[in-house]
Amino acid sequence: MKTHFAARVTLGFAAGFALSTLLLEAALWLLPTYNGVYAADPDADWPVHHLVPNASYTYSTGWNFRNVRRGEINNMGYVAPFDYAPGSEATVIFGDSYIEGLMNRYEDTLPAQLATSGGADLAPLLNFGISGSALPDYLGLGTLIRDRFRPTWIIVFIGDGDFVEGFDVRPGHFRWSPDDVASVELMPEQLRSKLVKVVRRSAVVRYLRANLRLNMHSLFDSRPGTGDGPEMTFCPETHSERTDVERAKSYVAELPLALGVPAGRVIFLRDSETQRQAIYAPEAKRESAACPPSRDDEALESLLREAQSVGIKVVDTVPLFRKHYEATGERVDYSPTDWHWNATGHRLAADALRDLMQPSPAR
Amino acid sequence: MLFTSGEFLFLYLPIVVAGFFAIAKTMGRAIAAGWLVLASIVFYGFWRPEYIALLLVSIAVNYVFGYFLQRGSFDRYISRRAVLGFAIAINLIVLSYYKYANFLLGTLDSVFAADLPALDIVLPIGISFFTFTQIAYLVDSYAGKVQERNPIHYALFVSYFPHLISGPVLHHADMMPQFARAEIYAPRLFNMSIGAAFLALGLIKKVLLADSAAPLANELFDTQDPSGLSTTLAWHGTLAYTLQIYFDFSGYSDMAVGLSLLIGVRLPYNFNSPYQARNIIDFWRRWHMTLSRFLRDYLYVPLGGNRLGVGRRYINLAVTMLLGGLWHGAAWTFVVWGGLHGLYLVVNHGWRHAAEHVPGYRVAMENPILRRLGAVAATLLTLAAVIVAWTFFRAESVTHAMRVLAAMFGSGSSFASPTDAGLSSWAWIAAGFALALFSRNSQELIDGAFSRKLAAVANRDLRDVAMAASLGTSVVIIVLMAFVAASRGVTEFIYFNF
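Remember, predicted model here, so these are calculated numbers, not experimental data.

Student: Let's hear about the overall build of chain A: which residues, and what values?
Tutor: Within chain A one finds 13 helices and nine strands. Across the 363 residues that make up chain A, the buried fraction comes to 50%. Counting only contacts in chain A whose residues sit at least 6 apart along the sequence, the fraction spanning at least 24 positions is 74%. When the accessible surface of chain A is totalled, it reaches about 17,400 Å², and 58% of it is carbon and sulfur.

See below:
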């Protein structure tokens, strides 16, 4: 009898669990759950991390599907509503999720706004922004792009962490070579099994991974602040390596060469989430000031200094954003839930770039 | 530890429940009860282990006092009444030190400009709850009402993790006899099924409803300078807080009931659709019901209740509610909140008395249309009164609350849309009130309709399958809610502060 009872309970539990999960799956298919943004399989022709090409995507964030956006992934696996034609002239834009821009309508993104207002002088803008990219990716990608397109201008978005994240090992991404400060090396993209591909298309899995951004840390760390003193300020790594400056020097020399453009046609677009937080909340500035400059801060500062010394142009977005916020009270991002730029942030950045890219009489 | 966290739902809870039944089966009921005490202490000390000692000493001292009050063999040396007074005084002194010392110093400082430094005290979580439950035990020990005296059961009654931090305010007569019953020491599928359903519903209330209302309320009440508030923002934030505190606390109470049922122990219900109340007397029979019962039995009645005439009754009501307000927190805002509810109750009792003498009132109330209109008006008036009082409950200061109220009732700077969300957040508030005003509550849904449906399945085998299936469904919801909660960051329950 006990066995029968156990069997009944197991059967009932499994049925209830499975049916509820299926119902949840069905509901999430109908709702605007994050969808369509999948890493492509390894491709010898384009061996870097990119998305499954020729697809539509749905972007949303949070448990309640905030900021729903829909868009297209083109023939090369990048977010753009048009295909990239090999052999053509191109204004190339590099960056991470900020430039990928899933959280904005394409027409509101920096590439689209720059293309609209950049004038006939500007070659088609090709967005190579991919979430998770860092500085080595752009150097590595440079050669591939030069082989396929004829770059005329290069815009590189640089955000907090983009130097130190370059040491991480991520499939399909370039990283700083451990042995040679002048080079980067590609970590092979991983081949995902059929099972993984099926599972990642599940609406429940997409909801947990992309909408909820589920991770073990947030799930198992609910300890609140002590409430009897200032909250602990997290200070990032501060130990700089001597080779960081050498990498920066080498990077600014190599990047224009890799893409086949003069240094004067490369623009570094520097943004800092930490400094943007301080625009909205001055107390955040005081807190961050309590930390010594991080390794990343110092390396990026060197990079920008070296860049200017070789003729690369630099745009710092923070003063632009601060000026805009002080004048209008309008935020340039989706904070506090998401620090990625909104349409205004992209427009201000595009305006600044356009000023630098105006054709000079000498050209 | 938060009921909504992964460490609680996926580690602590399975280990504690499975361990409890396994120990009961292999080592006996006394050790299983001890296991629950130990687990409850771990739960309590998870955030602040330094207060475990305070809890244990409080339990031990009160048990000893209770023991002597029950035996009464020392009457020739000291009266039992004096012992009771002494024991209650100790409890209140400890509570006052931790909860009210800085309030008192702050008040003296502002009145006399004495420049008194604040004490470095952190309020031990749940101190108001475990102090009150033990005072009730002492009073009933003195009155000869305590039947169950097992020290492990006493420790468990006080420290029992489902209620320890935010209630319900338990009564020993409801709880200790349950720990003595053999049935709770073996798992019951029905209890598990119903308990998991309560837990799932409580999580939905907390994670989806209360935590969604919180930022809308914070937008108003965290404003540093409330002088330029718009009328829209003032209403928006106050209505949001009205929903937040209801779903937060009733969600916690549902979870407490559900968690306890997994072990087979029934906790009292704490809410019964309070915003559907037609008057304030009714509201207090539906809101935080266990606290209302405690205040009635251990404060209002000992003060004289309604036995000493109408005037004294009103005074007793006002005093009870003022102290009830102060129980919630050491601030003038809570005093004003309690005072307002005391005033409401006095007016309500006065109206009841006066209405009987209004010509035509009885006749009008016999008309079904007028009666229905009257009920709607009464519900709305009650809700409005409750909302006004919540403003003081939530605001940082009485001045801040007064400015919010002023903005709500005419002096607001504009009717501008309060947030970027605008219409959607108003729609959310409307949906929240529709739920609070028109839907059935947790116990009606789960312990009523759902239980009856399970019980109505005639075939026992099928009933087992149905109960297990319901358990499976609840587990999916619980896991999903835990994931959603994790994605939203740490949000404590409002009543953790009391």
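Student: Which residues make up the overall build of chain B, and what values go with them?
Tutor: For chain B, the helix and strand inventory stands at 20 helices and zero strands. Across its three principal axes, chain B shows a C-alpha extent of roughly 70 × 65 × 55 Å. Each of the 498 residues in chain B was classed as buried or not, and the buried ones make up 55%. The average position of the 35 basic charges and that of the 27 acidic charges among the side chains of chain B differ by 12 Å.

Student: If you had to explain the packing of aromatic side chains to someone new, which residues and values would you point to?
Tutor: All names here are of chain A. Per the stated rule, a full pass over the model turns up 71 aromatic pairs over all chains. The aromatic ring of W29 is capped on one face by R206, whose charged end is 4.5 Å from the ring centroid. Here the guanidinium or amino end of R331 rests over the ring plane of Y280, the centre of that ring lying 4.1 Å away.

Student: Let's hear about unusual backbone geometry: which residues, and what values?
Tutor: With an omega dihedral of 10°, the bond running from S335 of chain A to P336 of chain A counts as a cis peptide bond. Within the secondary structure, P336 of chain A sits in the loop between α12 (317-328) and α13 (343-357). Phi at H288 of chain B takes a positive value of approximately 45°, unusual for a residue other than glycine. Along the chain, H288 of chain B falls in the loop between α11 (280-286) and α12 (289-300). Since its relative accessible area comes to 0%, H288 of chain B is described here as buried.

Student: Please provide a residue-by-residue account of the interface of chain B and chain A, values included.
Tutor: Taken together, the contact between chain B and chain A spans 32 residues of the former and 24 residues of the latter. Here chain B and chain A share two salt bridges between them. Among the salt bridges present, the one from D464 of chain B reaches R8 of chain A, with a minimum N-O distance of 2.8 Å. If you look at where chain B meets chain A, you find five residue pairs in polar contact (both at pLDDT 80 or more). For the side of chain B that touches chain A, the secondary-structure elements that each account for two or more residues are α1 (6-26), α9 (189-221) and α20 (460-487) of chain B. In terms of residue class, the side of chain B that touches chain A is built from 20 nonpolar, six polar and six charged.

Student: Which residues make up helix α3 (residues 110-117) of chain A, and what values do they have?
Tutor: All of the buried residues in α3 of chain A are L110, P111, A112, Q113 and L114 of chain A. The inward-facing, buried residues of α3 of chain A abut β3 (89-94), β4 (125-127), β5 (150-158), β8 (266-270) and α13 of chain A.

Student: So what's going on with the packing of α9 of chain B against helix α10 (residues 231-263) of chain B? Residues and values would help.
Tutor: All names here are of chain B. Relative orientation of the contacting elements α9 and α10 amounts to 160°, with a least axis distance of 6 Å. Classified by the angle their axes make, α9 and α10 are roughly antiparallel. Relative to α10, α9 is oriented so that their crossing is left-handed. Partitioned by chemical class, the residues of the contact of α9 with α10 number 24 nonpolar, ten polar and five charged.

Student: Account for the sheet that holds strand β9 (residues 313-316) of chain A, with residues named and values stated.
Tutor: All names here are of chain A. Taken together, five strands build an open sheet; the order of strands is β4-β3-β5-β8-β9 and the sheet is parallel. With one partner strand each, in any of the chains shown, β4 and β9 form the two edges of the open sheet. Strand-to-strand twist across the sheet, computed as the mean angle between neighbouring axes with direction ignored, equals 20°. Pairing of β5 with β8, which is carried by five bridges, proceeds in the parallel orientation. Within β8, the residue paired with F157 across the bridge is L269. Here α3 sits on the sheet and contacts β3, β4, β5 and β8; the angle it forms with β4, its principal contact strand, is near 180°. Contacts from helix α4 (residues 135-148) reach β3 and β5, with the element oriented near 170° to β5.

Student: How would you sum up the nonpolar core? Please name residues and give values.
Tutor: Counting 161 residues, the largest nonpolar core has F8, Y275 and W287 of chain B as its most contacted members. With 18 residues, the top contributor of residues to this core is α10 of chain B. Membership of the second largest hydrophobic core comes to 55 residues, among which are F94, V261, L304 and A307 of chain A.

Student: Lay out α9 of chain B with the relevant residues and their values.
Tutor: Because an α-helix completes one turn every 3.6 residues, residues spaced three or four positions apart along the sequence face the same direction. Its 33 residues give α9 of chain B an end-to-end C-alpha distance of 45 Å, which sits within 8% of 48 Å, the value for a rise of 1.5 Å per residue. Along its length, α9 of chain B shows its largest kink, about 35°, at A210 of chain B.

Student: Break down the side chain of Q70 of chain B for me, with residues and values.
Tutor: All names here are of chain B. Tracing the backbone through its elements, the reader meets Q70 in helix α3 (residues 52-71). Judged by relative accessible area, Q70 falls into the buried class, the value being 17%. Polar side-chain contacts of Q70 include one of 2.9 Å to the side chain of Y137. Setting aside residues no more than four positions away along its own chain, Q70 makes contact with Y137, S141, V146 and R149.

Student: Hey, could you go over the confidence of the model for chain B for me, with residue numbers and the actual values?
Tutor: Here chain B averages 90 in pLDDT, and 97% of its residues register 70 or above. Under the prediction, the complex receives an ipTM of 0.86, its pTM being 0.89.

Student: Report on the environment of H153 of chain B, specifying residues and quantitative values.
Tutor: Mapped onto the elements, H153 of chain B comes out in helix α6 (residues 151-159). Residues contacting H153 of chain B, with those up to four places away along its chain left out, are A33, E148, M176, F179, A180 and Y185 of chain B.

Student: So what about the pairing of strand β2 (residues 66-73) of chain A? Which residues, and what values?
Tutor: Residues and elements named next belong to chain A. Pairing analysis gives six bridges linking strand β1 (residues 55-61) to β2, with the strands arranged antiparallel. Note on β2: the bridge partner recorded for Y59 is R69. Remark: four residues form the turn of the hairpin made by β1 and β2, two consecutive strands paired antiparallel; G62 in that turn has positive phi of roughly 80°.

What counts, and where the lines are drawn
- Residues numbered from 1 in each chain as written.
- Chains lettered and ligands numbered in written order.
- Predicted model: local features only at pLDDT ≥ 70, side-chain atom pairs only at ≥ 80, totals over all residues.
- Heavy atoms only, no water.
- Helix = DSSP H or I, 4+ residues; strand = E, 2+ residues; numbered from the N terminus.
- Buried < 20%, exposed > 50% of the residue type's maximum accessible area, 1.4 Å probe, protein only.
- Contact = heavy atoms within 4.5 Å.
- Areas by Shrake-Rupley, 256 points an atom, 1.4 Å probe, with all protein chains shown as cover.
- Lys, Arg positive; Asp, Glu negative; His and termini not counted.
- Charge placed at Lys NZ, Arg CZ, Asp CG, Glu CD.
- Phe/Tyr/Trp six-rings, centres within 6.5 Å; stacked < 30°, edge-to-face > 60°.
- Lys NZ or Arg CZ within 6 Å of the ring centre and 35° of its normal.
- Salt bridge = Lys/Arg side-chain N within 4 Å of Asp/Glu carboxyl O.
- Polar contact = N/O pair within 3.5 Å; in protein donor to acceptor, adjacent residues only side chain to side chain.
- Nonpolar A, V, L, I, M, F, W, Y, C, P; charged D, E, K, R; others polar.
- Axes fitted to C-alpha atoms, helices over the stretch in contact; angles between N-to-C directions.
- Parallel < 35°, antiparallel > 145°, perpendicular 65-115°, else oblique.
- Left-handed = near helix turned anticlockwise from the far one by under 90°.
- Pairing = 2+ DSSP bridges.
- Core = buried A, V, L, I, M, F, W, Y, C linked by side-chain atoms within 4.5 Å.
- Expected span 1.5 Å × (residues − 1).
- Bend = angle between axes of the 7 residues up to and from the residue.
- pLDDT = per-residue confidence, 0-100.

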